[in-house]
Structure formats: C-alpha cells, structure tokens
Amino acid sequence: MASDADEPLPPPMRPAAAARPKRHVLLTMHHSPDAPLAPNAQKVLLELKGVSSAASRAPLDLVAVIDVSGSMEGDKLESVKKALLFVIHKLTDQDRISIVKFDHEATRLCPLLPVTEASRARLEGLVGDLETRGSTDIRAGLLTGLDVIANRKITAGRAASIMLMSDGRQIEDGDPRQFEPGNVAVHTYGFGADHDHDVMTAIAERSLDGVYNSVPDSDNPKELAVAFAPILGGLTTIVAQDMELTVTAIQGEATIKKVDAGTYRLRTSSDISSSVTVSFGNLYSAEVRKVMVELALSDRTASQSYRASVAEVQYRFAFQGQEVTSRPQRIIIYRRRRASADPANAPLPVQTEVARLEHVASIKEAVAKADGGKLEDARNTLRAALEALRRIVDPVVDMLRRELRKLLELFETEETYRNQGRSAALSSISSHGRQRGGPDKDTLIFGTPRMITNLEQAKQRDDMPVPSADQDAQLELEERPGWLQDVLPVALRLLAAVLSLLAFSIIASARTSGWDGEYYGRYEPYRYAVAVNVIVCFYSIAQVFVRIRRSVSPQLRSTSCYRVTLFLDQVLAYLLMSASSAAASSNHLWVSRFGEDPFHAKITAAVWFSFLAFLALSANALISTANLFSRI
C-alpha cells in the first residue's frame, strides 16, 4: 500500500495574502491580582487562541472511513453519501482525501487524492457506488484508515484526520473502543437514533482531539450538511499542530493542586505538583483552548507584602513543519496581608469557566441517573444546574442555559431520552471536553467564524454552489477589516464617549454665582445635560469593550445582545437630544436677558459637543438595527 498511499499535489494556488503571519497563537491569563500571605488556593485560567488568518492554514489529509455493513442499509447509507459529498466539495486542491469502506472487512477505495476538479468526479463516483453488505468490523475500518495516514509519502506541514461515519454497532470480534489512533484526530459521526453512542464516543475520546457527533435521522441534505459543517470549518482552518501547554510551579512559592483541560491528555512530571503539560493536537483559526489551573500558594505570613511569581507558562506547536516555542510567561500575584481568597472575587472569565466545568459535570451526572432508570432525578439535576447559572451574567453562560433547556426537553420521557436525549447529552459532553464546536447548530458554544460561515452555507438553497475552503478564506480576506461590523461601530462609540466627556467637562467647569445664587433655577437644564452626558460617556466606553469582545469571539453575537444594545442606543440618543435642546434653549434665554459672556460661550461649545455626540450615538443605533435584522 505504501507505494500508492498518496498522489502528487498540484502547484499551490493560495491567495497572495496567505503568507505566514508573525503570530499564530495568543496566550491570555486570568486570575485574582492579589492573594493573602497565609496559605490559600488560587484558580488561574489560561487561554490559548489561534490568532492567525485561516488563509495560512495547514493543508489537510482526510481519511473518510465509511460503514457499509447491513445495519447501514437504507436511509443511513444515503445520509452518509450526502454528507460525504458536502465534505468533498468543501476541500481544495491542496487538501487530500482517501475513502475507506468497511463491513466485515475493510477496503481502501482510493489513495489520498488531491481534491481537484478532475478528482472530484472520481470521488463522487466512488461515493455513489457505495452499497451495503455483510456484518460490521469498525476496528478493521479504523486500522485501514490509520494505515493510509501512516504510509503517506508527503507529510511535511500537513494535518491528518479521520472521519468515521457509522452506526457504531460492532458485530465482528474485537472491541473498537480499544483502538489506538496515536496522535491522529478521529471525529466520529453516529448515524441513526439506534447507533451505539458509547462506542462512537469512546473512539473519539481515545484520539488526541477528536469529537463525537450525533447525526439526526433526516431526508433533508441540509440537515446532514449542518451536522458536518462545524468540524469541516475547523479542519480547513488549522493554524497550529501538535499544540502543547506546560505549567510549571515556582518552587517555594506554589504547588499545582489540579489542572483541568477537559478530555485532553495530561503529562506530569515525576512530582505532579511541580509541572503539568497538556497536549491539544490541532488548533483552529480563532479557536480557544482553556485550561483551569488550581495553585496552592505557600505560607508567607512571616513576610511583608510582595509581588510573587507563582508559576511559569510556556506553549509550543508546529507550523509548516517548523517547531515554534513561546517565551516563558510568569503568573504574578501580589501577596499582601489583607487580601481576600474568596472565590467570589475571582475575575469573571474564571467564574464563567468554573461554571462551565460544573455544568458539564451536571450533564454527566444526569446521564448516569437516566441510564439507571431515574429519569426524574436526571431532570432535577439539569434543573439545579440551570438554577446555578443564574448568578453569572455572561454571553457564554447564556448559551449554557440554552443547552440545558434543550436537554430538559429531550429528557422529558424515556422514549425521547433513548432516541435523542442520550446522544445529544453525550455529544454535549464530548464538545465541552474538547472545547470544540457545539452539540448542535443552535448551541455552537465553541464556534469559530469559519464554523459559523459553514453553517450558514449548509442552510442555503440547494441551487447555491458550495464554496471551497480557499474561496471561504479569500472572502474573509476581502471582507477585512469588517468595516460595518467591527471598525466603524468602535470608532463611533469612542467618538461619542470623547464628545460627551468634553460636553459635561465644559459645563461642569462653567462657574458663575448663578449656581448657588438667585438664578439657581436657570441652571437646572445644564445639570440635566451634565448627568446625561456622563451616562452616555460611560455607556459608550462599555460598548467599546463589548464590541471588541464580540469581534474576538463571534459566537457571543447573540440576538438578545443586539436587542438590548439597540434599545439603549435609542433611549440614550433621545435623552441626549432632549438634554442638548434644553441646554441650548436655556442658554439662549440667558443671552437675551444678560448678554453674551464667557459662561455663555462655554455652554454654547458644550451644547455643540453634546449634539455631535447625539449624532454619533444615532449612527450607532442605525448600525445596531442593521446587526439585529441580519440575525432575525
């Protein structure tokens, strides 16, 4: 097999802007800024994000392992064919795909073929000729798929993955859950309500960064494409391979109590308290990996307050065959006597991640109870988890709530749990464990821009052509810098903040005896203008941070957020206009009675700044309206 394991690649046809960026990965650390001198525990959230463009992604070698056994007869195999055709159309001529079919034995239908226009016809023909027969040996299919990857002639800088499409019902001897894929990601897709959830979940989790997905019974090709869109949106945007993160405690300052990285592999030093390394596999463009580290800080009650370096963080990855290692970054916490160690004072990102981890534990507990015949107890567990999320206000937590509400519906009866609820819950657990994608198209908790784009394309009309991954990348480059969605709103928010700051600063600095003397009543409109401009200034600054966060995490762009923003924009624009008008009217009255003076000049300038801030806020209201209507 090694002699024809893959075919030569055509000359690269990448967009000109796809040159290697200077930075691929960004590390962010969240923790309490200070801690007591007494011994205490501190949670530190580490976030790795792929920040380079998807246009510079690693080319993909994909092996599709297809179940054609008798149990896949009928709608299941037809669903597999439709899904596989969508996959083929999304790949480019720098990607390669091999198709392996299996029943009681496995057969490689083609070597790794570059997905050119010529090979697409061949691949589509192979898919169309798939027919069911025999019994099921999933292990044989996986071993053949892994053999295709192991015998590649061209490997430098290329990412390799396996997609397993099956109902997971092993019949032949051998347990596919014991399959050892090494460092190859195996993404599993369970077809049909009766597929073996446990087998498909176990296979994905034994791979380095594979995810289990449940594919619903449907005759609609769009529904099937939607099921594959998130993973494809990731596989065609890999910007870092063999990603690892190492946390090392500073001796004498702290020890590592626990590291929670979901279902990713942990490698510890001989003394687990001193160093832990997490292996993530591939990282997609705009994808985030979160690691929660719990540190036990040493006793420093005999010391004075000081800046303590408690741990060191370093990451490494491969890109285009080259190893990249970051500089070590220190976790610094200010140790002082009166500091609080209360977890409630932790930064919001830390609290949100703690809530998410507890959320996942609740879903696991609910599945265990439902499997034990205690469905009502399982529902009570999900209700308690939903109640626990009320204390945190965060867009990610909003998605967790939606996830729990949907699971409660699927845990309604024994039949719905058996047919849909269990697979949906296990898919959620797998998604959270890998921090990848989402359990369904409506709850893409770990979505990236390309995943969202793929979902939108999967839902479009049948007569609309499916763009390739390179076409998606080119479109993203053409759309930068995201003028209407990102740059213009932030600029207008900053402008409104600056103008309102100038307005209330000038009014507040305009002093005469009238503020406290016999003409006190004439100055009330100015006080009203000061108050409104102060509110608009702080609101605009807050919105700048919100806009930046939405740009960094597109999955946070929820419809409810846009509705609230539009409402506040309209209300504050009205208040600002009324305050400016009242101030201008009072100023005109002042001039008609007392003539022009420095006080009048200052108020006139402030009114103009306030009016310009109103125009900036009104423009943002129009943009908020456009954003809202684009999502409903």
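Not measured: the values here are computed from a predicted model.

## Considering the overall build of the chain
Item 1. Each helix and strand in the chain was counted, giving 15 helices and 18 strands.
Item 2. Here the contacts in the chain between residues at least 6 apart in sequence split such that 77% fall between residues at least 24 apart.

## What to know about the nonpolar core
Item 1. In this structure, Val63, Leu142, Ile162, Leu164, Leu382 and Phe411 are the most contacted members of the largest nonpolar core, which totals 48 residues.
Item 2. Considering every element that reaches this core, the biggest residue donor is helix 8 (residues 395-410), with 7 residues.

## Description of the environment of Leu123
Item 1. Mapped onto the elements of the fold, Leu123 is located in helix 2 (residues 117-128).
Item 2. Accessibility expressed as a relative area gives 0% for Leu123, which makes it buried.
Item 3. Separated by 24 residues in sequence, Leu123 and Ile99 have C-alpha atoms that sit 8.3 Å apart.
Item 4. Ignoring sequence-local partners within four residues, the contact set of Leu123 consists of Ile88, Ile97, Ile99, Cys110 and Leu113.

## Some words on the sheet that holds strand 3 (residues 40-50)
Item 1. Strand order in the open sheet formed by 4 strands is 1-3-15-12, with antiparallel pairing between adjacent strands. Pairing within the sheet leaves two strands with one partner each, and these edge strands are strand 1 (25-30) and strand 12 (254-260). If you compare each strand with its neighbour and ignore which way they point, the axes differ by 25° on average.
Item 2. As paired strands, strand 12 and strand 15 (residues 288-297) are joined by 6 bridges and run antiparallel to one another. Its bridge partner lying in strand 15, Asp260 is registered against Met292.

## With respect to unusual backbone geometry
Item 1. In this structure, Asp242 is a non-glycine residue whose phi angle is positive, near 50°.
Item 2. As for its placement among the helices and strands, Asp242 is situated in strand 11 (residues 238-249).
Item 3. With relative accessibility at 44%, the residue Asp242 sits in the partly exposed group.
Item 4. Notably, Gln435 is not glycine yet its phi reads approximately 55°, a positive angle.
Item 5. Among the structural elements, Gln435 can be located in the loop between helix 9 (414-434) and helix 10 (449-458).
Item 6. A relative accessible area of 1% places Gln435 in the buried class.

## Examining the pattern of salt bridges
Item 1. Tallied over the entire structure, the rule returns 31 salt bridges.
Item 2. Notably, a salt bridge pairs Glu105 with Arg133, separated by 2.9 Å at the nearest N-O pair. On the criterion of sequence distance, the pair formed by Glu105 in the loop between strand 5 (96-102) and strand 6 (106-108) and Arg133 in the loop between helix 2 and helix 3 (138-150) is long-range, its members being 28 residues apart.
Item 3. Given the relative accessible area of 39%, Glu105 is considered partly exposed.
Item 4. Residue classification places Arg133 among the partly exposed residues on the basis of a relative accessible area of 41%.

## Some words on helix 10
Item 1. Taken as a whole, helix 10 has its buried residues at Arg450, Met451, Asn454, Leu455, Gln457 and Ala458. For helix 10, the angular spread of buried residues about the axis comes to 165°, placing them on one side.

## Things to note about the UniProt feature "transmembrane region" (unreviewed entry) in the chain
Item 1. In this structure's numbering, the residues bearing the UniProt feature "transmembrane region" (unreviewed entry) are residues 490-508, 528-546 and 605-629.
Item 2. End C-alpha atoms of residues 490-508 are separated by 27 Å, and the span's content is 100% helix alongside 0% strand.
Item 3. Counting secondary structure, residues 528-546 comes out at 100% helix and 0% strand; the distance between its end C-alpha atoms is 27 Å.

## Overview of the packing of helix 6 (residues 348-371) against helix 7 (residues 375-388)
Item 1. It is the contact of helix 6 with helix 7, at a shortest axis distance of 7 Å, that shows an interaxial angle of 170°. Classed by the angle they form, the pair helix 6 and helix 7 counts as roughly antiparallel. Residues Ser362, Ile363, Glu365, Ala366, Lys369 and Ala370 of helix 6 form the contact with helix 7, whose participating residues are Leu375, Asp377, Ala378, Thr381, Leu382 and Ala385.
Item 2. Here the contact of helix 6 with helix 7 is built from residues that sort into 7 nonpolar, 2 polar and 3 charged.

## As for the side chain of Glu47
Item 1. By the secondary structure assignment, Glu47 is in strand 3.
Item 2. Excluding anything up to four places from it in sequence, Glu47 contacts Leu26, Leu27, Thr28, His30, Val288, Arg289 and Lys290.

## Overview of the packing of helix 6 against helix 9
Item 1. The N-to-C vectors of helix 6 and helix 9 enclose an angle of 150°; their axes lie 10 Å apart at closest approach. Taken together, the axes of helix 6 and helix 9 lie roughly antiparallel to each other. Handedness of the crossing formed by helix 6 with helix 9: left-handed. Residues Arg356, His359, Val360, Ile363, Lys364, Val367, Ala370 and Asp371 of helix 6 form the contact with helix 9, whose participating residues are Tyr417, Arg422, Ala425, Leu426, Ser428, Ile429 and His432.
Item 2. Residues belonging to the contact of helix 6 with helix 9 are distributed by class as follows: 8 nonpolar, 3 polar and 4 charged.

## A short note on the packing of aromatic side chains
Item 1. In this structure the tally under the stated criterion is 5 aromatic pairs.
Item 2. Ring geometry for Trp608 versus Phe611: centroids 6.3 Å apart, planes at 85°, classification edge-to-face. Remark: Phe611 and Trp608 occur in helix 15 (residues 598-629); sequence separation between them is 3 residues, near one turn of the helix.
Item 3. Overall, the relative accessible area of 55% leaves Trp608 in the exposed class.
Item 4. Look at Phe611 and you get partly exposed, because its relative accessible area is 28%.
Item 5. Taken together, the ring pairs in this structure connect Trp608, Phe611 and Phe614 into an aromatic cluster.
Item 6. The ring of Tyr264 has Arg434 lying over it, and the distance from NZ or CZ to the ring centre is 5.3 Å.

## Digging into a nonpolar patch on the surface
Item 1. Where nonpolar side chains cluster on the molecular surface, the patch consists of Val564, Phe567, Leu568 and Val571 and spans about 330 Å² of accessible area.
Item 2. Tracing the chain through its elements places Leu568 in helix 14 (residues 559-594).
Item 3. Judged by relative accessible area, which is 30%, Leu568 ranks as partly exposed.

## Brief notes about the pairing of strand 9 (residues 185-191)
For a regular strand, side-chain orientation follows a simple rule: the groups alternate between the two sheet faces.
Item 1. Within strand 9, 7 of the 7 residues are buried, which leaves it mostly tucked inside the rest of the structure.
Item 2. Across the two faces of strand 9 the burial is the same, with Ala185, His187, Tyr189 and Phe191 and Val186, Thr188 and Gly190 all buried.
Item 3. When strand 8 (residues 159-166) meets strand 9, the two strands line up parallel, connected through 6 bridges. Of the residues in strand 9, the one forming a bridge with Met165 is Tyr189.
Item 4. Examined bridge by bridge, strand 9 and strand 10 (residues 212-215) share 4 bridges and lie parallel to one another. Directly across from Gly190, in strand 10, lies its bridge partner Ser214.
Item 5. Considered for its hand, the β-α-β crossover made up of strand 9, helix 4 (residues 197-206) and strand 10 is right-handed.

## A few points about the environment of Leu27
Item 1. The residue Leu27 is located in strand 1 in this model.
Item 2. C-alpha of Leu27 to C-alpha of Gln314: the two residues are 287 residues apart in sequence and 8.9 Å apart in space.
Item 3. With sequence-adjacent residues up to four places away left out, Leu27 is seen in contact with Leu46, Glu47, Leu48, Val313, Tyr315 and Gln329.

What counts, and where the lines are drawn
- All residue numbers refer to position in the chain's written sequence, counted from 1.
- Note on the predicted model: pLDDT of at least 70 is required for a residue's local features to be given, and 80 or more for side-chain atom pairs to be given and counted; whole-chain, interface and lining totals, by contrast, use all residues.
- Hydrogens and waters are ignored; side-chain quantities use all the structure's heavy atoms.
- In this description a helix means any DSSP run of H or I spanning at least four residues, a strand means any run of E spanning at least two, and both kinds are numbered starting from the N terminus.
- Every residue pair with non-hydrogen atoms within 4.5 Å of one another is taken to be in contact.
- In this description, a nonpolar core means a group of buried Ala, Val, Leu, Ile, Met, Phe, Trp, Tyr and Cys residues linked to one another through side-chain atoms lying within 4.5 Å.
- Three labels apply to residues, based on accessible area from a 1.4 Å probe with only protein chains included: buried if under 20% of the type maximum, exposed if over 50%, partly exposed otherwise in between.
- Only strands joined by at least two bridges in the DSSP assignment are considered to pair.
- Helix axes are fitted to C-alpha atoms over the stretch in contact, other axes to C-alpha atoms as well, and angles between N-to-C directions run from 0 to 180 degrees.
- Salt bridges are defined by distance alone: a side-chain nitrogen of Lys or Arg within 4 Å of a carboxyl oxygen of Asp or Glu.
- Each direction from the helix axis to a C-beta atom contributes to the arc, which is the arc of those directions.
- UniProt positions are given in the numbering used here, feature names are shortened, and annotations may be inferred rather than shown by experiment.
- Between 65 and 115 degrees an angle is taken as roughly perpendicular, under 35 as roughly parallel, over 145 as roughly antiparallel, and anywhere else as oblique.
- Polarity classes work like this: nonpolar for Ala, Val, Leu, Ile, Met, Phe, Trp, Tyr, Cys and Pro, charged for Asp, Glu, Lys and Arg, and polar for all others, with Gly in that last group.
- Two helices cross in a left-handed way if the nearer one is turned anticlockwise from the farther one by less than a right angle. They cross in a right-handed way if the turn is clockwise.
- A pair of Phe, Tyr and Trp rings is counted when the ring centres sit within 6.5 Å of each other, with Trp represented by its six-membered ring. The angle between the planes then sorts it: under 30 degrees is stacked, over 60 is edge-to-face, the rest tilted.
- Definition used: whenever NZ (Lys) or CZ (Arg) falls within 6 Å of the ring centre and also within 35 degrees of the ring normal, the charge is taken to sit over that ring.
- Surface patches are defined over residues having more than 30% relative accessible area and no salt bridge, joining like charges when they lie within 9 Å and nonpolar side chains (Val, Leu, Ile, Met, Phe, Trp, Tyr) when within 5 Å.
- Calculation of accessible area relied on Shrake-Rupley with a 1.4 Å probe; when residues are assessed, cover is drawn exclusively from the protein chains displayed.
- Crossovers are described as right-handed under a simple rule: with the strands pointing away from the observer, the path leading from the first strand over the helix to the second runs clockwise.

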